[in-house]
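What follows is each chain in one-letter form.
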Amino acid sequence: TFQHQVQAKKQTTGGASYAQQKRLARERERLEKRVAALEEAIARTEADLASAEAALHEVGHDFAAAQEAETHRQGVEKELERLMAEWEEASLSL
């Protein structure tokens, strides 16, 4: 009968809604964990960048050492930019 169809549809919709809510909650939790991990990685990379910049200032007039230190600093800086972009994207998804 029509009432049975309506009742069955309500039960199906309610189940799908619950399943969807669970899926969304799991996805949100995954994103929150990813954001936290990225924040930790960013903090470590910022510390690495500060060390790389300090090392660059310590090389003095040794051109080869300065060039190597600058190459390292640039690599750390690029990694920091990548992490920040990923963090921003993940944060906006929350």
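None of these values were measured; they are calculated from a predicted model.

Rules of the game
- Residues numbered from 1 in each chain as written.
- Predicted model: local features only at pLDDT ≥ 70, side-chain atom pairs only at ≥ 80, totals over all residues.
- Heavy atoms only, no water.
- Helix = DSSP H or I, 4+ residues; strand = E, 2+ residues; numbered from the N terminus.
- Buried < 20%, exposed > 50% of the residue type's maximum accessible area, 1.4 Å probe, protein only.
- Contact = heavy atoms within 4.5 Å.
- Salt bridge = Lys/Arg side-chain N within 4 Å of Asp/Glu carboxyl O.
- Core = buried A, V, L, I, M, F, W, Y, C linked by side-chain atoms within 4.5 Å.

Description of the overall build of the protein
Part 1: Across its full length, the protein carries two helices and zero strands.
Part 2: Buried residues in the protein amount to 15% of all 94 residues.
Part 3: Nonlocal contacts in the protein, meaning residues at least 24 apart in sequence, comprise 75% of its contacts between residues at least 6 apart.

With respect to the side chain of Thr 45
Part 1: Take Thr 45: it is sitting in helix 1 (residues 2–58).
Part 2: In contact with Thr 45, other than residues within four places in its own chain, are Val 76, Glu 79, Leu 80 and Leu 83.

Concerning the pattern of salt bridges
Part 1: The full count for this structure, using the stated rule, is eight salt bridges.
Part 2: In this structure, Arg 28 and Glu 32 form a salt bridge, with 3.2 Å as the shortest nitrogen-oxygen distance. With Arg 28 and Glu 32 both in helix 1 and four residues apart, this pair spans about one turn of that helix.
Part 3: Given the relative accessible area of 41%, Arg 28 is considered partly exposed.
Part 4: For Glu 77, the salt bridge identified is with Arg 73, shortest N-O distance 3.3 Å. Here Glu 77 and its partner Arg 73 are both found in helix 2 (residues 63–93), four residues apart, which amounts to about one turn of the helix.
Part 5: You can call Arg 73 buried: its relative accessible area is 13%.
Part 6: Because the salt bridges share partners, they merge into one network encompassing Arg 34, Glu 79, Arg 82 and Glu 86.

Brief notes about the nonpolar core
Part 1: Among the nonpolar cores identified, the biggest contains ten residues, and these are Leu 31, Val 35, Leu 38, Ala 41, Ile 42, Leu 49, Val 76, Leu 80, Leu 83 and Ala 90.
Part 2: Sorting elements by how many residues they give to this core places helix 1 first, with six residues.
Part 3: Among residues more than four places away in sequence, those in contact with Ile 42 are Leu 80, Leu 83, Met 84 and Trp 87.

Thoughts on the environment of Leu 38
Part 1: Structurally, Leu 38 is set in helix 1.
Part 2: As for Leu 38 and Glu 86, which are separated by 48 residues in sequence, their C-alpha atoms are 7.8 Å apart.
Part 3: Ignoring any residue separated from it by four or fewer positions in sequence, one finds Leu 38 in contact with Leu 83, Glu 86, Trp 87 and Ala 90.

A closer look at the environment of Leu 49
Part 1: Locating Leu 49 in the fold gives a position in helix 1.
Part 2: Looking at Leu 49, the relative accessible area reads 11%, which means it is buried.
Part 3: Between the C-alpha atoms of Leu 49 and His 72, which are 23 residues apart in sequence, the distance is 9.0 Å.

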